[in-house]
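Breakdown of the fold
Okay, here's what each chain looks like letter by letter:
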Amino acid sequence: MKMKLSILSAIAATVMAASAFQPAAAAEPIKVGSKNFTEQYILAEMYAALLEKAGFQVERKINLGGTMIAQQALTTGAIDLYPEYTGTALSAVVKGTMSTDPDKVYNDVKDFYTKQFNLTWLKPTGINNGYVIVVRQETADADKLKTLSDLAKVSGKLVFGGGAEFPDRADGLPGLKRVYSAEFKEFKQFAKLGLRYDALAQKDIDVVNGAATDWQIGAKGLVALDDDKGLFPPYYLAPVVRQQALDANPKMKDVLEALGSHLDNATMRVLNAKVENDHEEPKDVAEAFLKEKGLLP
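This is a predicted model, so every value here is computed, not measured.

A separate point is the side chain of Asp214. Structurally, the position occupied by Asp214 is in the loop between β8 (207-211) and α10 (215-219). Buried and without a salt bridge, Asp214 has Arg196 as its closest oppositely charged side chain, separated by 6.1 Å. Among the polar contacts listed, one links the side chain of Asp214 to the side chain of Tyr197, at a separation of 2.7 Å. Other than its neighbours up to four places away in sequence, Asp214 contacts Leu193, Tyr197 and Arg269.

So, in structure tokens, the structure goes:
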């Protein structure tokens, strides 16, 4: 009987020793998503590259579609994270009252996502990709324009170019009139953003509405005027992550948040230009930037 027990013990010890050398079951890959435009592609590639450097297995699910598609993918677990904007989340998902206070918007969105979806908004980056009003440098110089208050004083002689919705939006022409008393000589409608910037460069219009990280602003020497009375809501960008993914991979938080201090509107304009104007690949642009900042070897 003792011999049988010793044989069984030896077999058990052998099995345990062998199992110690078996590789552990592979962790689930972290699924990084994005919406369907250039800035999102670049940022998602940055998140993916940083996570891979930290030792995580990553699956890219870039170019999912618009806000609600990305949100659904996140809530169903099809992705674990993607970059989102506070103002977009407040208007499209939370459907809350818009505010010009960045902290209030962020906290309202963060609290709602936590309670309703078990999703976590990490620390926001320096990117605030909200609406901006843009003029040519020569116009800014001639009329001493730095703010929208300055623009309002000379608006009667200027032609405004904007999208189809801008004449009716509360934060469009009605908002400019309400908050700044700005009334323009004429409004010209342009379906595409690129056409608006082309018209501005060709002097067919004098003022245009855009987004703060549009590459044209930096590349063409244009001036984005300061919204000194706070007409436009904040659109700060941050990674939004499934709490289950964070619980399983606590190190993710520090990895993702480390990027934030390196990003702002001017930086994002340059990166967007590399893809849209110079026709570089988003993955290449993202990795080159991370290497430049010392975040990748």
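This part covers the packing of aromatic side chains. The full count for this structure, using the stated rule, is 10 aromatic pairs. Geometrically, the ring pair formed by Tyr113 and Trp121 is edge-to-face, given 5.5 Å between the ring centres and 85° between the ring planes. Of the two residues, Tyr113 and Trp121, neither departs from the other in class, the shared state being buried. With a centroid separation of 5.1 Å and an interplanar angle of 15°, the aromatic rings of Phe160 and Phe166 are classed as stacked.

Right, let's talk about the environment of His262 for a bit. Structurally, His262 can be placed in the loop between α12 (252-257) and α13 (265-276). Using a relative accessible area of 25% as the deciding quantity, one classes His262 as partly exposed. Considered as a pair, His262 and Leu193 are 69 residues apart in the sequence and their alpha carbons are 27 Å apart. Contacts of His262, omitting those with residues within four sequence positions, involve Thr267, Phe289, Lys293 and Leu295.

The biggest cluster of nonpolar side chains holds 36 residues, and the ones touching the most others in it are Val32, Met46, Leu51, Leu81, Met252, Leu259 and Leu290. Of all elements in the fold, only β1 (30-33), α2 (38-53), β3 (81-85), β10 (237-242), α11 (243-248), α12, α13 and α14 (282-292) reach the threshold of two or more residues within this core. At nine residues, α2 tops the list of elements feeding residues into this core. With sequence-adjacent residues up to four places away left out, Met46 is seen in contact with Leu259, Leu263, Leu271, Ala286, Phe289 and Leu290. The next biggest cluster of nonpolar side chains, apart from the first, holds 21 residues, and it includes Ala152, Phe160, Ala182 and Phe184.

Let us look at the confidence of the model for the protein chain. When the pLDDT values of the protein chain are averaged, the result is 90; 91% of them are 70 or greater. Scored below 50 in pLDDT, residues 1-26 makes zero contacts in the model with residues more than four places away or belonging to other chains.

To continue, consider a negative patch on the surface. Taken together, the side chains of Asp278, Glu280, Glu281 and Asp284 present a region of like negative charge at the surface. Within the fold, Asp284 resides in helix α14.

Evaluated as defined, the whole model comprises 15 salt bridges. For Glu45, the salt bridge is made with Arg60, and the minimal N-O distance between the two is 2.8 Å. Residue Glu45 is found in helix α2, and its partner Arg60 is found in strand β2 (residues 58-61); the two are separated by 15 residues along the sequence. Of the charged contacts, one joins Glu138 and Lys203 as a salt bridge, the two residues approaching to 3.1 Å between their closest N and O atoms. Taken together, the positions of Glu138 in helix α6 (residues 137-143) and Lys203 in the loop between α9 (193-201) and β8 put the pair 65 residues apart, joining distant regions of the chain. Exposure remark for Glu138: the relative accessible area of 43% places this residue in the partly exposed category. Each of the salt bridges in this network shares a partner with another, and the network as a whole consists of Lys31, Asp80 and Arg242.

Here we come to the packing of α2 against α13. One can describe the packing of α2 onto α13 by two numbers: an axis separation of 9 Å at closest approach and a directional angle of 105°. One element, α2, and the other, α13, form an angle in the roughly perpendicular class. Residue-level inspection shows Thr38, Glu39, Ile42, Leu43 and Met46 of α2 in contact with α13, the latter providing Met268, Leu271, Asn272, Val275 and Glu276. Tallied by class, the residues present in the contact of α2 with α13 amount to six nonpolar, two polar and two charged.

In this section: the pairing of strand β6 (residues 159-162). On any regular strand, side chains alternate: one points to one face of the sheet, the next to the other face. Of the two faces of β6, the one holding Val159 and Gly161 and the one holding Phe160 and Gly162 are both buried throughout. Two strands pair when backbone bridges link them, and β6 and strand β7 (residues 186-189) are joined in this way by four bridges, in the parallel orientation. Within β7, the residue paired with Val159 across the bridge is Glu186. Tracing the backbone out of β6, into helix α8 (residues 173-180) and back to the parallel element β7 gives a crossover that is right-handed. In this sheet, β8 lies alongside β6 in parallel orientation, the contact comprising two bridges. Bridge pairing links Gly161 to Val208 in β8.

Rules used in this analysis
- Residue numbers here run from 1 along each chain, matching the order of that chain's written sequence.
- Local features in this predicted model are restricted to residues of pLDDT 70 or higher, and side-chain atom pairs are both shown and tallied only at a pLDDT of 80 or more, whereas totals for entire chains, interfaces and linings draw on every residue.
- Side-chain numbers here rest on the full set of heavy atoms in the structure, without hydrogens or water.
- Runs of E in the DSSP output that reach at least two residues are strands. Runs of H or I that reach at least four are helices, and both are numbered from the N terminus.
- A 1.4 Å probe rolled over the protein chains alone gives each residue an accessible area, and that area as a share of the maximum for its type sets the label: buried under 20%, exposed over 50%, partly exposed in between.
- For this count, His and the chain ends are skipped, Lys and Arg are scored as positive, and Asp and Glu as negative.
- Should a side-chain nitrogen of Lys or Arg be within 4 Å of a carboxyl oxygen of Asp or Glu, the pair is scored as a salt bridge.
- Polar contact is defined as a pair of N or O atoms within 3.5 Å, subject to the rule that within protein one atom must be able to donate a hydrogen and the other to accept it, and that residues adjacent in sequence are counted only when both atoms are side-chain atoms.
- It only takes one pair of heavy atoms within 4.5 Å for two residues to be counted as in contact.
- Pairing of aromatic rings covers Phe, Tyr and the six-membered ring of Trp, with a centre-to-centre limit of 6.5 Å; geometry is then stacked below 30 degrees between planes, edge-to-face above 60, and tilted otherwise.
- Take the buried residues of types Ala, Val, Leu, Ile, Met, Phe, Trp, Tyr and Cys, join any two whose side-chain atoms come within 4.5 Å, and each joined set is a nonpolar core.
- Each residue gets a pLDDT score, which is the predictor's confidence in that residue and runs from 0 to 100.
- By definition, no residue in a patch forms a salt bridge, and every one has over 30% relative accessible area; like charges are joined within 9 Å, nonpolar side chains (Val, Leu, Ile, Met, Phe, Trp, Tyr) within 5 Å.
- Using a 1.4 Å probe, accessible areas were evaluated by the Shrake-Rupley method; residue-level cover was limited to the displayed protein chains.
- By convention, the point assigned to a charge is CZ for Arg, NZ for Lys, CD for Glu and CG for Asp.
- Interaxial angles span 0 to 180 degrees and are taken between N-to-C directions of axes, which are lines fitted to C-alpha atoms, for helices over the stretch in contact.
- The scheme is simple: roughly parallel for angles under 35 degrees, roughly antiparallel for over 145, roughly perpendicular for 65 to 115, oblique for anything else.
- Here the term charged refers only to Asp, Glu, Lys and Arg, the term nonpolar to Ala, Val, Leu, Ile, Met, Phe, Trp, Tyr, Cys and Pro, and the term polar to all other amino acids, Gly among them.
- In this analysis, strands are considered paired if DSSP registers two or more bridges between them.
- Handedness of a crossover: with both strands directed away from the viewer, a clockwise path from the first strand across the helix to the second marks it as right-handed.

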